[in-house]
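# Commentary on secondary and tertiary structure
The residues making up each chain are set out below.
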Amino acid sequence: MSIGKVFSKSNIVKYVVKGTGLAALGVVGYDAHIIGKMQSDSYAKQKDADACMKTQSNTQVLSSPSITTANMKNKVNNWEMDGNFRHFVNSTVGYFKGFGKMLINGVVPFGLGLGALFGKGLVGKGSAIGIGIYAGVKFFKDVLGFGHYNDLNRKF
């Protein structure tokens with residue numbers, strides 16, 4: 001294969017379209033991963049606090065006076081306070097909740113990225129153009145702030 005065939009106009013357009021799709025999927029995936037990590041931590045801590053509060057409040061009352069029942073309740077409370085298995089499970093659940101939420105929030109660039117990466121011909125090119133338009137609108141609207149009504153920076 002000669003260099004002229006590799007760098008022909010159709011091949012360059014094809015590689016630009018595929019690169020655009022790959023970049024869009026990378027941005028959406030990166031955002032989803034970061035939000036997943038943040039959601040993982042907060043979700044696990046919230047569920048750990050809820051479980052600890054429940055077992056702690058359960059140790060405060062007895063339906064009938066019993067030292068054995070009180071000791072078992074205290075052991076369960078101590079196990080809940082010191083254990084980390086619940087945190088591990090809730091951390092995983094929280095990560096996938098955050099990751100999925102960001103994939104849903106970024107469904108337009110995700111779909112256009114898939115179309116550009118795996119689409120052939122007009123579908124791929126149209127998806128790449130759609131990614132460019134979406135990125136331009138996102139830049140002007142969210143980054144530069146055009147089109148947003150901002151109560152904090154009102155002129156009057």
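Below: a short report on this structure. On a predicted model such as this, the values are computed, not experimentally measured, just so you know.

## Focus: the overall build of the protein chain
On a plain count of helices and strands, the protein chain comes out with six helices and zero strands. In terms of C-alpha radius of gyration, the protein chain reaches 26 Å, well past the compact-globule figure of 15 Å for 156 residues. Each principal axis of the C-alpha distribution contributes one length, and for the protein chain these read about 90 × 60 × 20 Å. Per-residue burial for the protein chain yields a buried fraction of 22% across its 156 residues. For the protein chain, restricting intrachain contacts to residue pairs at least 6 apart in sequence, the fraction spanning at least 24 positions comes to 71%. One finds the centroid of the 19 positive side-chain charges in the protein chain at a distance of 15 Å from the centroid of its 8 negative side-chain charges.

## Quick look at the nonpolar core
Of all hydrophobic cores here, the largest spans five residues; its members are Val17, Ala24, Ala116, Ala128 and Ile131. Looking at this core, the elements with two or more residues in it are α2 (9–58) and α6 (122–143). Once residues lying within four places of it in the same chain are set aside, the contact partners of Ala24 are Pro109, Gly113 and Ile131.

## Considering the packing of α2 against α6
One can describe the packing of α2 onto α6 by two numbers: an axis separation of 9 Å at closest approach and a directional angle of 50°. By the criterion of interaxial angle, the relationship of α2 to α6 is oblique. Handedness of the α2/α6 crossing: left-handed. Touching Val13, Val17, Thr20, Gly21 and Ala24 of α2 are Gly124, Lys125, Ala128 and Ile131, all from α6.

## Some words on the packing of aromatic side chains
This structure, assessed with the given rule, holds four aromatic pairs. Measuring from centroid to centroid gives 5.9 Å for Tyr95 and Phe99, while their planes differ by 25°, and the two rings are stacked. Taken as a pair, Tyr95 and Phe99 lie in helix α4 (residues 85–105) at a separation of four residues, close to a single helical turn. When its relative accessible area of 24% is taken as the criterion, Phe99 is described as partly exposed. Ring geometry for Phe140 versus Phe146: centroids 6.3 Å apart, planes at 25°, classification stacked. We classify Phe140 as partly exposed; its relative accessible area is 44%.

## With respect to the pattern of salt bridges
According to the stated counting rule, one finds three salt bridges in the structure shown. Residues Lys45 and Asp41 are paired through a salt bridge, measuring 3.5 Å at the closest nitrogen-oxygen approach. Taken together, the residues Lys45 and Asp41, both in helix α2 and four residues apart, mark about one turn of the helix. The partner of Arg86 in a salt bridge is Glu80, and the shortest N-O contact between them spans 2.7 Å. With a relative accessible area of 9%, Glu80 lands in the buried category.

## With respect to the environment of Ala23
Secondary-structure assignment places Ala23 in helix α2. Sequence separation between Ala23 and Gly36 is 13 residues, and the spatial gap between their C-alpha atoms is 20 Å.

## Describing the packing of α2 against helix α3 (residues 67–82)
Axis angle and axis distance: for two packed helices, these are the angle between their axes and the distance between the axes, and together they describe the pair. Interhelical geometry of α2 versus α3 gives an angle of 165° and a closest axis separation of 9 Å. One way to sum up the angle between α2 and α3 is to call them roughly antiparallel. Crossing of α2 against α3: the hand is left-handed. Facing α2, whose interface residues are Ala51, Cys52, Thr55, Gln56 and Asn58, α3 presents Lys73, Val76, Asn77, Glu80 and Met81. A class-by-class count of the residues in the contact of α2 with α3 yields four nonpolar, four polar and two charged.

What counts, and at which threshold
Residues numbered from 1 in each chain as written. Predicted model: local features only at pLDDT ≥ 70, side-chain atom pairs only at ≥ 80, totals over all residues. Heavy atoms only, no water. Helix = DSSP H or I, 4+ residues; strand = E, 2+ residues; numbered from the N terminus. Rg over C-alpha atoms; globule rule 2.2 N^0.38 Å. Buried < 20%, exposed > 50% of the residue type's maximum accessible area, 1.4 Å probe, protein only. Contact = heavy atoms within 4.5 Å. Lys, Arg positive; Asp, Glu negative; His and termini not counted. Charge placed at Lys NZ, Arg CZ, Asp CG, Glu CD. Core = buried A, V, L, I, M, F, W, Y, C linked by side-chain atoms within 4.5 Å. Axes fitted to C-alpha atoms, helices over the stretch in contact; angles between N-to-C directions. Parallel < 35°, antiparallel > 145°, perpendicular 65-115°, else oblique. Left-handed = near helix turned anticlockwise from the far one by under 90°. Phe/Tyr/Trp six-rings, centres within 6.5 Å; stacked < 30°, edge-to-face > 60°. Salt bridge = Lys/Arg side-chain N within 4 Å of Asp/Glu carboxyl O. Nonpolar A, V, L, I, M, F, W, Y, C, P; charged D, E, K, R; others polar.

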